[in-house]
Structures are given as C-alpha cells and as structure tokens.
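Coordinates in review
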Amino acid sequence: MTAKEYLSEVQTLQTMIEQKQETIKQIWESITTVHGLQYDREKVQGGKQTDRIGESVAKIVDLEKEAEADIVNLIHKKHEIITQIHALDNYRYIQLLFKRYIEFKKFQTVAEEMNLTDQYVKEMHPKALKAFEKQHQNILQKEGKQI
C-alpha cells in the first residue's frame, strides 16, 4: 500500500459516513412525506401486505448503527494517521500532509496557508509522501496485506 492510499483512508471513511447520513435523511423524507391517493387505480384484493414505514425505520436503524461504527473507526484512524504524520522530521511535510489528508484541502489552499507557491507545494507533495513511506514502511506493508 502506498502512503497516498493509506493517508486517503480518512477521506474514504468520511465519505462513507456522509453517504450513509444522506441516505438516512432521504429515507426519513420518504416516510414523512404525504403521498396522494390514486383513486383511478383498480383495487386489488389479496397479495403481499408490506409495512413500508416499518421496513424504512428498520433500514434507518441499521444505517445509523453502521454510521456510528464508521465514526468510531474514523476517529481512531484519524488519530493514528495524525500521530504518524507528526512523527516526520520535516515540519513542512507535516503541515502539507496534515492539511491535505486530514483537513482535505486542495493544493492551492495548502499553498496559500503555508505561504508557498502552488508549484512548490505540488513538488513537495511526492517528497512528503516518500518521507512518510520511509518512516512508516512497516505499517504500510502490514496495511497492504490486510486488503
């Protein structure tokens, strides 16, 4: 596993949580919205009765449990990665990797906040990743085998 892939796990977890929360919101909206009656449809006797609201609430509960577990994983992963970034020797690498992979900032924003040019930050990024890989190659190898 590369340093970039490993560091990107924080954003992947964040995205998964946001998607689950959005899905929960959409399900709530669908069950709390009043739907009009269709009088022109034929009434059909028999068939399978479904509890649409009950099924939706059960799905919401499941998604909330998954999201809560993902949030706990995100907190642990973020703490772990921040600690690993802080273990680097170069303070500029620490700033760059933190702003890029923990705060999810674009290179342009990182450059502005670090008072550097965009080009310099883009050139420094692979060097920072290499330094991270060198410092934490045992973790990256272990993580790569878990996939």
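On a predicted model such as this, the values are computed, not experimentally measured, just so you know.

Okay, the packing of helix 3 (residues 52–86) against helix 4 (residues 91–101) next. In the contact formed by helix 3 and helix 4, the axes pass within 9 Å of each other and the chain directions differ by 160°. When the axis of helix 3 is compared with that of helix 4, the two are roughly antiparallel. Viewed along their axes, helix 3 and helix 4 form a crossing whose handedness is right-handed. Note on element contacts: helix 4 touches helix 3 through Ile 94, Leu 97 and Phe 98, opposite Ile 82, Ile 85 and His 86. Residues of the contact of helix 3 with helix 4, tallied by class, amount to five nonpolar, one polar and no charged.

Another point: helix 6 (residues 118–135). Between its first and last C-alpha, helix 6 extends 25 Å over 18 residues, near the 26 Å set by a 1.5 Å rise per residue. At His 125, helix 6 shows its maximal bend, which comes to roughly 25°, and the proline Pro 126 appears one to four places after that position. Along helix 6, the positions that sit buried rather than exposed are Val 121, Met 124, His 125, Ala 128, Leu 129 and Phe 132.

This structure, assessed with the given rule, holds seven salt bridges. Residue Lys 20 pairs with Glu 66 through a salt bridge whose shortest N-O separation is 3.4 Å. A residue pair is termed long-range when its members are at least 10 positions apart, and Lys 20 in helix 2 (residues 9–32) and Glu 66 in helix 3 qualify at 46 residues. Taking relative accessible area as the criterion, Glu 66 reaches 38% and is therefore assigned partly exposed. Close ionic contact of Lys 105 with Glu 103 constitutes a salt bridge, the shortest N to O distance being 3.0 Å. On the basis of relative accessible area, Lys 105 is assigned to the partly exposed category, the value being 22%.

Parameters and conventions
Counting starts from 1 at the beginning of each chain's written sequence and moves along it residue by residue. Local features in a predicted model are, by the rule used here, given only for residues with pLDDT of at least 70; side-chain atom pairs are given and counted only at 80 or more, and totals for whole chains, interfaces and linings are based on all residues. The basis for every side-chain value is the complete set of non-hydrogen atoms in the structure, without hydrogens or water. Axis definition: a line fitted to C-alpha atoms, over the contacting stretch in the case of helices. Angles run 0 to 180 degrees between N-to-C directions. Each helix is a run of DSSP H or I of at least 4 residues and each strand a run of E of at least 2, with the numbering of both proceeding from the N terminus. Every angle not falling under 35 degrees, over 145, or within 65 to 115 is termed oblique; those three ranges are roughly parallel, roughly antiparallel and roughly perpendicular. Put simply, a crossing is left-handed when the front helix is turned counterclockwise from the back one by less than a right angle, and right-handed when it is turned clockwise. In this analysis, two residues are considered to be in contact whenever any of their non-hydrogen atoms come within 4.5 Å of each other. In the scheme used here, Gly and all other residues not listed as nonpolar or charged are polar, with Ala, Val, Leu, Ile, Met, Phe, Trp, Tyr, Cys and Pro taken as nonpolar and Asp, Glu, Lys and Arg as charged. By this rule, a helix spans an expected 1.5 Å times one less than how many residues it contains. In this analysis the local bend is the angle between axes fitted, respectively, to the seven residues ending at and the seven residues starting at the residue. A 1.4 Å probe rolled over the protein chains alone gives each residue an accessible area, and that area as a share of the maximum for its type sets the label: buried under 20%, exposed over 50%, partly exposed in between. A carboxyl oxygen of Asp or Glu within 4 Å of a side-chain nitrogen of Lys or Arg is what we treat as a salt bridge.

Purely geometric numbers; function is a separate question.
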